[in-house]
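Okay, here's what each chain looks like letter by letter:
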Protein chains: 4
Amino acid sequence: MKVAPKQKFHTHVGIIDHKKVIGKPFGTAIKTNKGKIIFALEPTIYDYVMKSQRSTQIVYPKDLGYIAARIGLQSGHKIVEIGTGSGSFTTFLASLVKPKGHVYTYDVDENFMAIARKNIEKAGVSKYVTMTKLDLKTSKKMPQKDADVVIVDLGDPWVVVPQARKMLKGSGAFVAICPTMNQLEKLAAALRKNDFFDIECTEQIVRTIEARDGKTRHSFRAIGHTTYVAFARKVITPPSLRKILSPIVEQPEVESEEVDSAEDESLSSLKK
Amino acid sequence: MKVAPKQKFHTHVGIIDHKKVIGKPFGTAIKTNKGKIIFALEPTIYDYVMKSQRSTQIVYPKDLGYIAARIGLQSGHKIVEIGTGSGSFTTFLASLVKPKGHVYTYDVDENFMAIARKNIEKAGVSKYVTMTKLDLKTSKKMPQKDADVVIVDLGDPWVVVPQARKMLKGSGAFVAICPTMNQLEKLAAALRKNDFFDIECTEQIVRTIEARDGKTRHSFRAIGHTTYVAFARKVITPPSLRKILSPIVEQPEVESEEVDSAEDESLSSLKK
Amino acid sequence: MKVAPKQKFHTHVGIIDHKKVIGKPFGTAIKTNKGKIIFALEPTIYDYVMKSQRSTQIVYPKDLGYIAARIGLQSGHKIVEIGTGSGSFTTFLASLVKPKGHVYTYDVDENFMAIARKNIEKAGVSKYVTMTKLDLKTSKKMPQKDADVVIVDLGDPWVVVPQARKMLKGSGAFVAICPTMNQLEKLAAALRKNDFFDIECTEQIVRTIEARDGKTRHSFRAIGHTTYVAFARKVITPPSLRKILSPIVEQPEVESEEVDSAEDESLSSLKK
Amino acid sequence: MKVAPKQKFHTHVGIIDHKKVIGKPFGTAIKTNKGKIIFALEPTIYDYVMKSQRSTQIVYPKDLGYIAARIGLQSGHKIVEIGTGSGSFTTFLASLVKPKGHVYTYDVDENFMAIARKNIEKAGVSKYVTMTKLDLKTSKKMPQKDADVVIVDLGDPWVVVPQARKMLKGSGAFVAICPTMNQLEKLAAALRKNDFFDIECTEQIVRTIEARDGKTRHSFRAIGHTTYVAFARKVITPPSLRKILSPIVEQPEVESEEVDSAEDESLSSLKK
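Residues numbered from 1 in each chain as written. Chains lettered and ligands numbered in written order. Predicted model: local features only at pLDDT ≥ 70, side-chain atom pairs only at ≥ 80, totals over all residues. Heavy atoms only, no water.

### Overview of the overall build of chain A
Moving on, step 1. Along its length, chain A carries nine helices and 13 strands.
Moving on, step 2. Taking all 272 residues of chain A together, 59% fall into the buried category.
Moving on, step 3. Long-range contacts, defined as pairs at least 24 residues apart, comprise 62% of the intrachain contacts of chain A with a sequence gap of at least 6.
Moving on, step 4. With an accessible surface of roughly 11300 Å², chain A has 53% of that area assigned to carbon and sulfur atoms. (Helix = DSSP H or I, 4+ residues; strand = E, 2+ residues; numbered from the N terminus. Buried < 20%, exposed > 50% of the residue type's maximum accessible area, 1.4 Å probe, protein only. Contact = heavy atoms within 4.5 Å. Areas by Shrake-Rupley, 256 points an atom, 1.4 Å probe, with all protein chains shown as cover.)

Structure, rendered in structure tokens:
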């Protein structure tokens, strides 16, 4: 929302005059007419993502964050996104790859694209996003190449694996959002077939803890499932070597983060 | 590692000549003298973090990623890090806030700092990091102000809450890494006392799934605990309003990500 | 509920005549006057626990079940329960230890006890339960001895550790329900001090999966935290040996279930 | 192991003479010749399950316990088990349904059955178990009827759903152990088709917590996946009513344990 001197902001805890807020630093506590407190916080990308207008199920920060860390996202990266959806993932990525990186995002539904465009503009990152209506499932010519990352958010992500491969640079990262296990299974097979490596399927869980003096415990309320995530890297294996690799590729090692073994040993030495 | 025409690379699956790799695109499969395959992948920030030399327990990508998403990290942000540790968090942050943002990191242990410096240089982000030996627990004058984010990785993070507050901009984000519940409890109390809001304590869990044709299931091996994370935002509450707030501040709302209710409803309408 | 020929059962999906149900086998589908289906299921102990009248927070089946399995509960066991609460734990235990075993349960709040008595009677296991009003925190003489298991559901379970010890047989099992981490911490210290061994603190999580053709995934809704559980076994360590043990006792090994290593190896041999 | 006056027990922490143990109460600490402590604990069913000789992957106590609680297992129940495996589930069930209940267990592999028989005997519950070599997939006549519970531990549990139905009493409980999601999916479809209700698929997770003074946290080591569990109850729906039910049966409600709402509300009233 934009503040204007003569306006009022109505909330379920009361009304505040915009003029009470103007000139105040971010973070200031404002008293409503009902005697309740509202904080004037500067919106973050987290806030934009969580409050985005939703045409489809959004990707949640717990998943966005893990993906960014897992692919080793860097400012400056060139990203291709197949399936713009509500634009929440686009917004998140653009805010991190800017100012030299860019997100090229493709969708086929003009209604979704209109909503996504609004969400991206609101978050102030539209300069770093190019949105195009294009069906990459059927497109003959790929609109991008040498992408650092290709992100797929479609119901049938396995269909565009060859296209993603063409747009990726060598050893670039492929990521897909898969709400069901069945999608993961079909996608992993397509990735193995299309010469991808280091295939990892995960789900991300965030549990909140109520840290109160002498009464610390996990929260009674919890979030359930949002989505699974598939990750892989493009490799280039000559046919002669694929033969050697094939039993491996069929059973890819699932990379898991290992706890620092030094720490672990010091710990177990303390034990019986 | 740097490749040199006359060198060989020895691994547990055999030896490869560097010259076999030179000139090849990233991702290329190379056959070792034992007939095994090695892929020449371009290292990502994830790889640098996971392979960093460790003076202390590192912060894992699952935690790094959630923190980045939760605080709404953006390229261009000014970050203060209290406790450089092995520099893995520093590296991750610098790779995202570059080229206009910066990470100012403080530690007191010169041995840790030397290791961190090497890790940060290896990852190619030292230009965006300023490392200073300074004990912020006792320092009278704060070396930074108007930081977008202050990140604390100390055994007693609650001690530097007032210092973090001074360095943060209004509504800026505070984050601390807390391996134990006891640290969370003390820290949350200090944050409430020092006029922070939206206090959230979490743990992040990543589970890997083995997606294989007709045999998809979670992995038998799992990672356990690495750390808990505390998050808060600096607010400015005049003493008169703190009184109103106090019963609230004592029982801060634990923000939890809510599943898109539209989706949820369409789901439950499918049910009985 | 008891069925009677002339009565009707009113529900939010409509009304059914009791006479429609009488004489039908359990499991029969009955049509309500609104054309909806109701199944006449025989209530199980799970149903009694979940539908029990609650004076206090109940212990959930996910926790009850793990406890039963962890202590190696057997039919015939003699159980002492300190803190009857709503009687849901009592009911669960009695249904398993009957007909030769028995649950002796103690509480100090007569209102709670009245509710618990009703819940236990409804479930049909009152014959195997002896409920006594007695404050075991202050009681000089222990009302039981040679118990297979002592279960504590109090806000301050560490207070009754010596009493539990006196009532337990050698190597008998101690279990306590602890909603907070702080309780676990104090209790574990008391257990170490009072010559208990194999101390294990856990939390139990059950996630539901929606198994639907081609759309299988975890549920969007999830349960959060209910309680932590502490487990230990009574041992007898002469003072001369406690000295040897003490560094161990300070850092008790947390027993974790290990996946069958044979299975695990066969699995990893399939991998790269 | 049986103790004998002249024997010694060799362990990795030293040797103890059996005669040191004879006559001592369970729980007694014994010093080995290396000065280490060994506790003489009475084995529980948990110990028998965890130490059972394994022909196949066993079902773990975390899963056994949840199943017992979910089906409302009672002493006295009549259980049919299809797939004896290593007999660990058989042992667990027999120890709880005894002395009046019974476990009828069926397998086709004589080698597995021999191992299972030993495990069941060792645990002292063979009196309450009848083990039969019989292939229930092809058997025309069912060997049991009116079972309270049918438990299936086969690679293709959906095949025996009609057989299980015939052996169950009205509203009796069906349970199957499914290591993969694909099994869950096929099984759930078969259960819906065969007039089962209250279908629930779950996974059980137990996390251990290290409760140490001022340093309480989750364990660094964790167990991953062992198995998923499917649960359902037999109902009797006349064809005329199945039509009404069918859209429901296709999307069965996944019953999830709900936190006591009273508690929950009192909690949220404390929050902002």
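### What about the relation of the copies chain A and chain B?
Moving on, step 1. Superposing chain A onto chain B requires a rotation of 180 degrees together with a translation of 0.0 Å along the rotation axis, leaving an RMSD of 0.0 Å. Here the copies are linked by what is in effect a two-fold axis. When C-alpha positions in chain A are compared against the rotation axis, the closest is assigned to A:Gly65, at 1.9 Å.
Moving on, step 2. Looking at chain A, 100% of its interface residues are interface residues in chain B too, so the copies touch through the same face. (Least-squares fit on C-alpha atoms with pLDDT ≥ 70 in both.)

### With respect to the interface of chain A and chain B
Moving on, step 1. Chain A puts 88 residues into the contact, and the matching count from chain B is 88 residues.
Moving on, step 2. Interface area, chain A with chain B, both sides summed: about 7700 Å², of which 61% is carbon and sulfur.
Moving on, step 3. Counting across the chain A and chain B interface gives six salt bridges.
Moving on, step 4. Residue B:Arg233 is joined to A:Asp47 by a salt bridge in which the shortest nitrogen-to-oxygen separation is 3.3 Å.
Moving on, step 5. On the surface where chain A and chain B come into contact, there are 33 residue pairs in polar contact (both at pLDDT 80 or more).
Moving on, step 6. Here the side of chain A that touches chain B is composed, by residue class, of 39 nonpolar, 24 polar and 25 charged. (Buried area = accessible area lost by both parts, 1.4 Å probe. Salt bridge = Lys/Arg side-chain N within 4 Å of Asp/Glu carboxyl O. Polar contact = N/O pair within 3.5 Å; in protein donor to acceptor, adjacent residues only side chain to side chain. Nonpolar A, V, L, I, M, F, W, Y, C, P; charged D, E, K, R; others polar.)

### Let's talk about the confidence of the model for chain A
Moving on, step 1. The predicted model of chain A averages 88 in pLDDT, with 89% of residues at 70 or higher.
Moving on, step 2. Confidence estimates for the predicted assembly give a pTM of 0.89 and an ipTM of 0.89. (pLDDT = per-residue confidence, 0-100.)

### Some points on the pattern of salt bridges
Moving on, step 1. This structure, assessed with the given rule, holds 53 salt bridges over all chains.
Moving on, step 2. The partner of A:Asp63 in a salt bridge is A:Lys62, with the nearest N and O atoms 3.1 Å apart. Of the two residues, A:Asp63 and A:Lys62, both sit in the buried class.
Moving on, step 3. One salt bridge in this structure joins C:Lys137 and C:Asp156, with 3.0 Å as the shortest N-O distance.

### Here we look at a positive patch on the surface
Moving on, step 1. Together, A:Lys20, A:Lys24, A:Lys31 and B:Lys243 make up a region of like positive charge exposed at the surface.
Moving on, step 2. Position of A:Lys24 relative to the elements: it lies in the loop between helix H1 (18-21) and strand E3 (29-31). (Patch = residues over 30% accessible without salt bridge, like charges linked within 9 Å, V, L, I, M, F, W, Y side chains within 5 Å. Lys, Arg positive; Asp, Glu negative; His and termini not counted. Charge placed at Lys NZ, Arg CZ, Asp CG, Glu CD.)

### Thoughts on the pairing of strand E5 (residues 78-82) of chain B
Residues and elements named next belong to chain B.
Moving on, step 1. The buried count for E5 comes to four of five residues, which makes it a mostly enclosed element.
Moving on, step 2. One ladder, built from five bridges, connects E5 with strand E6 (residues 102-107); its direction is parallel. Note that in E6 the partner of Ile-79 across the bridge is Val-103.
Moving on, step 3. With helix H4 (residues 88-97) bridging E5 and its parallel neighbour E6, the resulting β-α-β unit is right-handed.
Moving on, step 4. Here four bridges tie E5 to strand E8 (residues 147-152), and the two strands are oriented parallel to one another. If you follow Ile-82 over to E8, its bridge partner there is Val-152. (Pairing = 2+ DSSP bridges. Right-handed = clockwise from strand over helix to strand, strands pointing away.)

### Things to note about H4(B)
Because the α-helix completes a turn every 3.6 residues, residues three or four places apart line up on one side.
Moving on, step 1. The element H4(B) is largely enclosed, with a buried count of 10 among its 10 residues.
Moving on, step 2. Within H4(B) the residues assigned to the buried category are B:Ser88, B:Phe89, B:Thr90, B:Thr91, B:Phe92, B:Leu93, B:Ala94, B:Ser95, B:Leu96 and B:Val97.

### As for the side chain of C:Arg70
Residues and elements named next belong to chain C.
Moving on, step 1. Checked against the element boundaries, Arg-70 lands in helix H3 (residues 61-71).
Moving on, step 2. Its relative accessible area of 4% is what places Arg-70 among the buried residues.
Moving on, step 3. In this structure the side chain of Arg-70 is engaged in a polar contact, spanning 3.2 Å, whose partner is the side chain of Glu-200.

### Focus: the packing of aromatic side chains
Moving on, step 1. In the structure shown here, the tally under the stated rule is eight aromatic pairs over all chains.
Moving on, step 2. Here the aromatic rings of A:Phe39 and B:Phe197 are separated by 4.3 Å at their centres, their planes lie at 45 degrees, and the arrangement is tilted. Here the residue A:Phe39 occupies a position in strand E4 (residues 37-39), and B:Phe197 occupies one in strand E10 (residues 196-210), the pair thus bridging two chains. Like A:Phe39, the residue B:Phe197 is buried in the burial classification.
Moving on, step 3. Against the face of D:Tyr46 rests C:Arg70, its NZ or CZ located 4.0 Å from the ring centre. (Phe/Tyr/Trp six-rings, centres within 6.5 Å; stacked < 30°, edge-to-face > 60°. Lys NZ or Arg CZ within 6 Å of the ring centre and 35° of its normal.)

### Side note on the side chain of D:Asp195
Moving on, step 1. You can see D:Asp195 is positioned in the loop between helix H7 (181-193) and strand E10 (196-210).
Moving on, step 2. D:Asp195 has contacts with D:Arg165, D:Arg233, D:Lys234, D:Val235, D:Ile236, D:Thr237 and D:Arg242, leaving out every residue within four places of it along the chain.

### Observations concerning H3(C)
Moving on, step 1. Counting buried positions along H3(C) yields 11 of 11 residues, so the element is predominantly enclosed.
Moving on, step 2. C:Pro61, C:Lys62, C:Asp63, C:Leu64, C:Gly65, C:Tyr66, C:Ile67, C:Ala68, C:Ala69, C:Arg70 and C:Ile71 are the residues of H3(C) that are buried.

### Regarding the environment of B:Leu184
Moving on, step 1. For B:Leu184, the location among the structural elements is in helix H7 (residues 181-193).
Moving on, step 2. Dropping the residues within four chain positions of it, B:Leu184 is found in contact with A:Ile209, A:Ala211, B:Cys178, B:Cys201, B:Tyr228, B:Val229 and B:Ala230.

### Let's talk about the pairing of strand E2 (residues 14-17) of chain D
Residues and elements named next belong to chain D.
Moving on, step 1. Every second residue of E2 is oriented toward a common face, the buried set being Gly-14 and Ile-16 and the non-buried set Ile-15 and Asp-17.
Moving on, step 2. Where strand E1 (residues 8-11) lies against E2, four bridges are found, and the strand directions are antiparallel. Pairing of His-10 across the sheet is with Ile-15, part of E2.
Moving on, step 3. Remark: two residues form the turn of the hairpin made by E1 and E2, two consecutive strands paired antiparallel.

### Looking at unusual backbone geometry
Moving on, step 1. A cis amide bond links A:Lys98 to the next residue, A:Pro99, at an omega of 0 degrees.
Moving on, step 2. Its location among the elements puts A:Pro99 in the loop between helix H4 (88-97) and strand E6 (102-107).
Moving on, step 3. Located in the positive-phi region is A:Asp198, a residue other than glycine, with phi close to 60 degrees.
Moving on, step 4. Among the structural elements, A:Asp198 can be located in strand E10 (residues 196-210).
Moving on, step 5. With a phi angle near 60 degrees, B:Asp195 is a residue other than glycine that sits in the positive phi range.

### Side note on the packing of helix H3 (residues 61-71) of chain A against helix H3 (residues 61-71) of chain B
Moving on, step 1. Remark: H3(A) packs on H3(B), axes separated minimally by 7 Å, with the N-to-C direction vectors making an angle of 125 degrees. Classified by the angle their axes make, H3(A) and H3(B) are oblique. Handedness of the crossing formed by H3(A) with H3(B): right-handed. Facing A:Pro61, A:Lys62, A:Gly65, A:Tyr66 and A:Ala69 of H3(A), the residues of H3(B) in contact are B:Pro61, B:Lys62, B:Gly65, B:Tyr66 and B:Ala69.
Moving on, step 2. Split by residue class, the contact of H3(A) with H3(B) holds six nonpolar, two polar and two charged. (Axes fitted to C-alpha atoms, helices over the stretch in contact; angles between N-to-C directions. Parallel < 35°, antiparallel > 145°, perpendicular 65-115°, else oblique. Left-handed = near helix turned anticlockwise from the far one by under 90°.)

### A few points about the state of the cysteines
All names here are of chain A.
Moving on, step 1. Per the stated rule, a full pass over the model turns up zero disulfides over all chains.
Moving on, step 2. Looking at Cys-201, it has no disulfide partner, and the nearest cysteine sulfur is the one in Cys-178, 7.2 Å off.
Moving on, step 3. Using a relative accessible area of 3% as the deciding quantity, one classes Cys-201 as buried. (Disulfide = S-S within 2.5 Å.)

### Let's talk about the environment of C:Tyr66
Residues and elements named next belong to chain C.
Moving on, step 1. Summarising the element assignment, Tyr-66 is placed in helix H3.
Moving on, step 2. A C-alpha to C-alpha distance of 9.3 Å links Tyr-66 and Val-229, two positions 163 residues apart in sequence.
Moving on, step 3. Polar contacts involving the side chain of Tyr-66 include one to the side chain of Glu-200, which spans 2.9 Å.

### Describing the environment of A:Gln57
Residue and element names in this part refer to chain A.
Moving on, step 1. Structurally, Gln-57 can be placed in the loop between helix H2 (45-50) and H3.
Moving on, step 2. Relative accessible area serves as the criterion here: at 21%, Gln-57 is assigned to the partly exposed category.
Moving on, step 3. Through-space distance from the C-alpha of Gln-57 to that of Thr-226 is 8.8 Å; in sequence the pair is 169 residues apart.

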